[in-house]
Amino acid sequence: MPRKKRTDVSALFDISNTQSDRGTQKHGSSTQNNSLLDNKRLFDEESEFSKALKDCGFLLYETLPSGLILDQFVFQRNLEKKLKRYPAVNQVYKKLGAWLRKLADSPLGFRLLLSPSELTIPGVGGHGADQDSLFHLLLGIAPMQSEMSALLLSKLELCDGRDTESILSDSDGVNVPKLILTQFQSVVSASNPREFATSVLALLRSSHSVATQREIIAYVPELLCDEYHAEASQVLVELLNKNPLLATSVLDTLLSINVPTEVMASARESVTTQLNKPDRDKVATFVKFLLQTSSSDESIGDITNIRRKLSLLTEATRSQPVFDVIRTTICHQKHIAEGWMKVVESLDGSDSPVYAVDLFVFLVLYGNHNKNKVVVAIKAKILSGILTERVVMETLQDHAGSVQSQFGSLLDLAGSLVRGSNTAVVWFSSALYKHAFLNFEKSCQREVISALVGHVGCREETETTLGLSVLNGLVEDSPVAMTTYSTVLKSLLETVDSLTLHQVRLLFSLLTGLAYHSGAAAAEWKDRLLKITRSNLSKPLVKFKRIGVIGALTIAEQLAKPEVDIDEETYKETEQLVRLAETLTANQPDAAVLLLDLLSVSVQQSKLNHRLVVWIGGFILDKFSNCFIADLDGQLDLDGFPVRADYSYSLEPPELDTDSAKENPPICLNLLPLLHASRCGNEQRSLKTLCPMLRLMKCCEIAATGNLDVIDGLLSCPVVFCSTDPLARFPDLGRSQKELVLTAAFHLSNWFREILNAFAPVSDTETREKLISRVKQIMKIRSFILESLPFCEGFAPPFVSYNDAKPSVLCAITTASKGKGVKRKLDNKDNEDPSTQLSALQPTPSSGRSTQVNTESNAAKPTLRCEHLAPYLRELDIDVIGLIKYTLELGSPVDNKTEELDCNLSLFLDINCLQFLLDDMKSKLEAVLVVKKSPFGRTSKNLSSLTNSRIHDMSPDELGTYVVALVPNLCNHMATINEYFKSIIALNDGMMDSNDMFLKKSLQISSCYHSLLGNITMILSWPGLTKPANESALTNTLRSFAMVTDKPTKGSRRQSLGVRVSSAVNSLADLAGNVPDSDCAISLLKLLVAVAGTGSADDANETISCKALEFLKRDWVGPDGLPLKGVKYTESIQYLTEIYINKSSDSLRAIDLLNTEGLNDLLQGSSKSNEIPAITKFTLPKVYKAMLIGLDILVQKLKPPKANETRESMSEMLSKWNLPMKSFNMLVNVIKVFDGRVFLNVLLRYGRRFLEFFLRSGMPLLDRLFRFEKENVQMLLKTLQLSTRCLHHYCSHSKVLKDVSLTNQVPMLKKRLETLLYRVKAMLTLNKCSEAFWLGNLKNRNPQGDEICSQVAPDTGVTNEDDDESVNDDADTDSEEEDESAEL
């Protein structure tokens, strides 16, 4: 069908055609047509323009679009040529512009001029059918640009606050300012760019419409040339400060144009200010601008501000754009990634915790940068306690959309952390898995389940335990979602035979959780679990019986939950299941013990229904009475018994002759006869179940009645145990008798320990007296065990832990001949826990000191350390530590020479009881509060506790709150011990190392003092102590410290935290004058550092530094009067030196004092320093290392000068380099006397670091000060030259020694030396003093200055016999530093 012919612009003035052609137009078009008719005369008079456009190929139609019959570039060329033919061409251009302006005054005409044209002849032109508008085509003609630009900008100005219908017809939904500005796109260049830029910027300033300003700002990069970007950026920054609504447009444009440094700094300052305001809608824009304009020096500050702002941004809809900006920036800008890593690595958790954005950044960095570096940083934050599960939960829950984009990195990171060696790191990965499953979509959930099942299937115990634990937790948190994967999870039952007991319980808990949360569809699976449980219980092997026990208890917990009332049928089913497990394990004590301990855990954690608990309690009470309790009738018939026995350890005299005693005779624990019977084959009443049964009774009675009245008689009842005769002559007993007595002793100790666990929560005075007596009896039994074990080689104590570890054997402890000590050898290959291996034990006195007084010459009595008995002893509950509240009684120092201190007051602790309680407290603090890396690589010891006590169920905050409440009591004990040693020193006329200090009692008290100080320090390491919620606890703790040696002052309750910390440090520092040994001195100093860390006190660090110096000036000797030696002692001296330097208010002066007063005597040949006796030839390597480390830390703090630094401040900075340079030179010269590899290794390492810091911070300072302070710069460089010459000699000497550890340091150090050489040469050249720089060959010498003949360089070029340097182009030549001669 032929196309309808369209009329050109002249037809618009034909009145006859107007009405018919416009009938279909919308209402209001007649008004627009009339405006065109008014211009008919003008068009007729200047019709040559419309004719010229038509002749050149452009047709203006009444209806849109207009037409082009030629390519638009051809049209532009033809029109420009046609207009140039007129004589007065400039007037023609103006008339054409006026004609177009008149046409544009009509809304419809303006629309015709702005609308795209259409190519009426298909196939002509390179832009397809759609062509540019007439305005855009005319802007492409250089002579017309000025007229067209002015016309468009005037129309743009009219858009400011007006109805666009009066400007452009049919403008509903049309962005008129944007339509106008698009006409300037792709315009090659403006004919008058200055005028145009001025007009655009003036319009931008004067416009009152935010929408118009936004469009203009967005088109600034296309409207203005690069040379006007600076002016435009100034205007944009003014608008940014004036109108925050334009912030997004302004900042996006500033990122697209060339902005001067000063203007960019002003913009960044404004953005930083607005970022800290509560407006959250523009955070993404601000973050993008700051990160993309940040330099390496500014990145740290920007990231800090961004982190602070994002910590308050939790809405996912607002945070996702910000997170996307951060991800994009980190992936493309390396310095931002490195800056964020530095910021996160510097976090200490006090005022700068880890935020959700930090974890997100870790994931981005892990997927795009150095994975190993990210893993190291994450582990460090986990171990410091600031990257916790809470951070993971907040990140993955509040920002799931953003973090899900990094799911691959998250899954890979979690998998790598699972294989870590630290428990905290391993369990952090479990948090990643858990919260990823709970917050991500189903596809991610499948990946999480697949990864966890893979961990379960591996052979590594830690991974398997973690996989099962996370799956079990997911079943508890989200059972409905987990049922989707039940088929995969049920297949895990095939691996049950290869799992540990703890893992078996996790697996059964997982499967029963799925089975009992799946409704009727899981009935078949429930029957299968019951069948598997009964089958394992019926098997004769203990391994399978234990699996059956775990299955039975797990199912019972699901059937008889405490929060629901169970029906009779369910109750009977549960009771029968428990009774079945008890019956089938009666002849297997190991399985029975597991059943009892698991029941205790279930009852204690309130996992069983109250009715079932009452039944279990009654059943176990009857069984316990029948099996282990006997009437105390005064007669003990033990004919034929291997050893003599008697009623022992009674706390109350039995009343046998009274009428009540005849009706209800007193009871006793029938221990020794039952042990003998079980050794003869009677397993029905095995003593292995004694303590577990007592624990279960206690848990059931507390759960049922809330008190222990039913079993309170067990606290003081006597025990049928060996009489004193067999114990006294233990070495002479037979093998079977020894094993019987030792086994009974272990059972008796565990019985008393379980008695403590049961009755420790009871607070009445009578019970407390009995508990303290039991503690003393435990100590007595332990001493007997330690003394007797060496005489029973190969003895295997009864094992109390059932986590798949085989019982250890304590054997082959022999005494060496000729008075050379005791050599112990134990075969412990079957023990899975390396910490319990006793093969490398050394003789250790009970006092804990490494040196003994009056050692016997022929034979020493073999002893074991108490901690090696831990696997065979029942664990104490946290409540037992509460006994530490009672008063410590040490007796008078006058009685110091007595071997034992007999304390008759039952409510007073003696030193043995205190040591016992402190040791137990230490183990609990280390297990929960102190995160410590295992020295044995991968271990799952803490992950596999199946029958644990309450300590493993307590969180760090719970344990921290409990032990902090004990600090006042610990301070009382500390004051008591301090007064004791103070009295000894006073009795010996102030002598610190008198003989009384090394007697057995004093050594024992000293060891206890050391443990006491260490425990308090660990308590202060609890991060929660400094939180606002525990402010009162911290206040009480500091007040207790302040009262150790000082009386409380009035108004102390209203003191600030800094004053309290200062008072506490000063009070504890007064203890320094009475510390008995170096171990206590180190512990006290660590305590002072910990106390100072709880708050900011100006004078606390100086006090600590003074006390460290005081300890260094003390001559520490052993019991033999000789100076102390050993690795531990030297490390202590290094710690004292580091604390003295780092805590000093002037660390440089501290290093200088150690140089002058500490090292000079040794350099002159003395064996120790006269002023600082702790610095000896033996401790010098550690002191030397500490001094170099301290100097290294100080030099790091010296920063390079800023661009606007004043000359006075730079002079002050130069003076700060003089003392470090002097100290470094003195430390370098130490090698001339002490040239051992230890000294060389430390110097080469830290000497290189010193040069690096000097090149980074010192040389820029010298560059700027050289022309002003030439002499000072020259003296500083000459001092450094003395050191660098020696370093060159030490490098040569290290090569001669051929020591790998030394030669590895040489290349890096020599590179820094060479860099320094050329850097100084560049400085002189910069300051036009290059002629003052000259070089010579530096000869290779040893530390003493003797020439190394085998490495003498060939005599080429100019040389200087006085060790002047030269530059050699050969890379192997040892280039050195310059010599600024007097010519400077």
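By convention here, each chain's residues receive numbers from 1 onward along its written sequence. Only residues with pLDDT of at least 70 get local features here, since the model is predicted, and only at 80 or more are side-chain atom pairs given and counted; chain-wide, interface and lining totals rely on the full set of residues. Only hydrogens and water are removed before side-chain values are computed, so all heavy atoms of the structure are retained for them.

A. Expanded view of the overall build of the protein. Elements are defined by DSSP. Helices are runs of H or I of four residues or more, strands are runs of E of two residues or more, and each kind is numbered from the N terminus. Along the backbone of the protein there are 57 helices and 10 strands. Within the span of the protein, comprising 1384 residues, buried residues form 52% of the whole. Throughout, a residue-residue contact means that at least one pair of heavy atoms, one from each residue, lies within 4.5 Å. Intrachain contacts of the protein at a sequence separation of at least 6 include 74% that bridge at least 24 residues. Of the accessible surface of the protein, which amounts to about 61,900 Å², a share of 49% is contributed by carbon and sulfur atoms. Each residue's exposure class comes from its accessible area (1.4 Å probe, protein chains only) as a fraction of the maximum for that residue type: buried when under 20%, exposed when over 50%, partly exposed otherwise. The protein chains shown are the only cover counted for residues, whose accessible areas, like all others here, come from Shrake-Rupley with a 1.4 Å probe.

B. Expanded view of the state of the cysteines. When two cysteine sulfur atoms lie within 2.5 Å, the pair is treated as a disulfide. Taken as a whole and assessed by the stated rule, the structure comprises zero disulfides. No disulfide involves Cys699; its nearest neighbouring cysteine sulfur is the one of Cys700, lying 6.9 Å away. On the basis of relative accessibility, which here comes to 5%, the residue Cys699 falls in the buried class.

C. The arrangement of helix α16 (residues 283-292) in detail. With eight of 10 residues buried, α16 lies mostly within the body of the structure. Where α16 is concerned, the buried positions are Val283, Ala284, Thr285, Phe286, Val287, Phe289, Leu290 and Leu291.

D. Representation of the packing of aromatic side chains within the structure. Two rings from Phe, Tyr or Trp (for Trp, the six-membered ring) form a pair when their centres are within 6.5 Å of each other. A pair whose planes differ by under 30 degrees is stacked, one over 60 is edge-to-face, and the rest are tilted. A complete count under the given rule lists 19 aromatic pairs for this structure. Ring geometry for Phe746 versus Tyr872: centroids 6.2 Å apart, planes at 70°, classification edge-to-face. Of the two residues, Phe746 sits in helix α40 (residues 735-759) while Tyr872 sits in the loop between β10 (822-824) and α42 (911-928), which places them 126 residues apart along the sequence. By the burial criterion, Phe746 is buried, and Tyr872 matches it. Taking the centre distance of 6.3 Å and the plane angle of 20° together, the rings of Phe981 and Tyr1009 count as stacked.

E. Broad picture of unusual backbone geometry. One non-glycine residue with positive phi stands out, namely Tyr649, at about 60°. One can find Tyr649 in the loop between β6 (645-648) and α36 (659-663). The exposure class of Tyr649 is buried, given its relative accessible area of 18%. With a phi angle near 55°, Asp989 is a residue other than glycine that sits in the positive phi range. Relative to the elements of secondary structure, Asp989 occurs in the loop between α44 (967-987) and α45 (1000-1020). When its relative accessible area of 75% is taken as the criterion, Asp989 is described as exposed.

F. Looking closely at the side chain of Arg1248. Position of Arg1248 relative to the elements: it lies in helix α54 (residues 1237-1265). Relative accessible area serves as the criterion here: at 14%, Arg1248 is assigned to the buried category. For Arg1248, the contacting residues outside a window of four places in its chain are Leu1243, Met1308, Leu1309 and Arg1312.

G. Region of interest: α54. Multiplying 1.5 Å by the residue count of a helix minus one yields the expected span of that helix. Under the 1.5 Å per step criterion, the end-to-end length of α54 is 39 Å for 29 residues, consistent within 8% with the ideal 42 Å. Here α54 lies mainly inside the structure; 22 of its 29 residues are buried.

H. Structural detail: the sheet that holds strand β2 (residues 67-68). Strand pairing follows a simple DSSP-based rule, namely that at least 2 bridges must link the two strands. Strand order in the open sheet formed by four strands is β1-β2-β3-β4, with mixed pairing between adjacent strands. Looking at strand neighbours, the two that pair on one side only are β1 (58-59) and β4 (130-131), the edges of this open sheet.

I. Just the pattern of salt bridges, in detail. For this analysis, a salt bridge means a side-chain nitrogen from Lys or Arg found within 4 Å of a carboxyl oxygen belonging to Asp or Glu. One pass over the full model with this rule turns up 33 salt bridges. Measuring nitrogen to oxygen at the nearest pair gives 3.4 Å for the salt bridge that ties Lys434 to Asp477. Of the two residues, Lys434 sits in helix α25 (residues 423-439) while Asp477 sits in helix α27 (residues 461-477), which places them 43 residues apart along the sequence. The exposure class of Lys434 is partly exposed, given its relative accessible area of 24%. One network of salt bridges, with partners in common, ties together Asp597, Arg695, Glu754, Arg874 and Asp877.

J. Quick look at the environment of Leu1277. Assignment of secondary structure puts Leu1277 in helix α55 (residues 1270-1297). Sequence spacing of Leu1277 and Met1221 is 56 residues, and the spatial spacing of their C-alpha atoms is 9.1 Å.

K. Focus on a positive patch on the surface. Patch construction takes residues with relative accessible area above 30% that form no salt bridge. Like charges are linked within 9 Å, and nonpolar side chains (Val, Leu, Ile, Met, Phe, Trp, Tyr) are linked within 5 Å. The convention is simple: Lys and Arg are positive, Asp and Glu are negative, and His and the chain ends are not counted. Every charge is mapped onto a representative atom, which is NZ of Lys, CZ of Arg, CG of Asp or CD of Glu. Among the surface-exposed residues, Lys342, Lys373, Lys1199 and Arg1256 lie close enough to one another that they form a single positively charged patch. Summarising the element assignment, Lys373 is placed in helix α21 (residues 371-383). Of the residues examined, Lys373 reaches a relative accessible area of 42% and is grouped as partly exposed.

L. Here's a closer look at the environment of Val488. In this structure, Val488 sits in helix α29 (residues 486-490). Residue classification places Val488 among the partly exposed residues on the basis of a relative accessible area of 40%. Expressed as a C-alpha distance, the spacing of Val488 and Val453, which sit 35 residues apart in the sequence, is 8.3 Å.

M. Fine view of the nonpolar core. Side-chain atoms within 4.5 Å link the members of a nonpolar core, which is a set of buried Ala, Val, Leu, Ile, Met, Phe, Trp, Tyr and Cys residues. Core analysis: the biggest nonpolar cluster contains 405 residues, and Trp751, Met974 and Phe1041 have the highest contact counts within it. Ranked by the residues each element gives to this core, the list is headed by α54, at 15 residues. In this structure, Phe1041 is in contact with Val967, Cys971, Ile1016, Leu1020, Ala1064, Ser1067, Leu1068, Leu1087 and Val1091, ignoring residues within four places of it in sequence.

N. Spatial organisation of the confidence of the model for the protein. The share of residues in the protein with pLDDT of 70 or more is 80%, and the mean pLDDT across the chain is 78. You can read pLDDT as the predictor saying how much it trusts each residue, on a scale of 0 to 100. With pLDDT under 50 throughout, residues 803-862 is counted as low confidence; its partners more than four residues away or in other chains account for 117 contacts.

O. Local environment of the side chain of Lys924. Its location among the elements puts Lys924 in helix α42. Lys924 sits in the buried class, given a relative accessible area of 2%. Here Lys924 is in contact with Leu876, Asp877, Ile878, Ile881, Leu929, Ile951 and Leu959, once residues within four sequence places are set aside.

P. The arrangement of the packing of α45 against helix α48 (residues 1078-1092) in detail. At a minimum axis distance of 9 Å, the contact between α45 and α48 shows a crossing angle of 20°. Looking at the two axes, α45 sits roughly parallel to α48. For α45 against α48, the interelement crossing comes out left-handed. Along its contact with α45, which presents Ser1006, Tyr1009, His1010, Leu1013, Ile1016, Thr1017 and Leu1020, the element α48 presents Asp1079, Cys1080, Ser1083, Leu1084, Lys1086, Leu1087, Ala1090 and Val1091. Under the scheme applied, nonpolar residues are Ala, Val, Leu, Ile, Met, Phe, Trp, Tyr, Cys and Pro; charged residues are Asp, Glu, Lys and Arg; polar residues are all the others, including Gly. Among the residues making up the contact of α45 with α48, the classes are represented as nine nonpolar, four polar and two charged. Axes here mean lines fitted to C-alpha atoms, for a helix over just the part in contact, with angles spanning 0 to 180 degrees between N-to-C directions. Orientation categories follow fixed angle ranges, with anything under 35 degrees roughly parallel, anything over 145 roughly antiparallel, 65 to 115 roughly perpendicular, and all other angles oblique. Helix crossings get a hand from a simple test, with the near helix turned counterclockwise from the far one by less than a right angle marking a left-handed crossing and a clockwise turn marking a right-handed one.

Q. Local environment of the packing of helix α19 (residues 334-345) against α21. For the pair α19 and α21, interaxial distance at closest approach is 10 Å and the crossing angle is 20°. Here α19 is positioned roughly parallel relative to α21, judged by the angle of their axes. When you trace α19 past α21, the crossing you get is left-handed. Here Met341, Val344 and Glu345 of α19 come into contact with α21, specifically with Lys373, Val374, Ala377 and Lys381.

R. Representation of the environment of Leu742. Looking at the element boundaries, Leu742 is found in helix α40. The spacing of Leu742 and Ile781 is 39 residues in sequence and 9.9 Å in space, taken between C-alpha atoms. Not counting chain neighbours up to four residues away, the residues in contact with Leu742 comprise Phe730, Phe784, Ser788, Leu789, Cys792 and Phe795.

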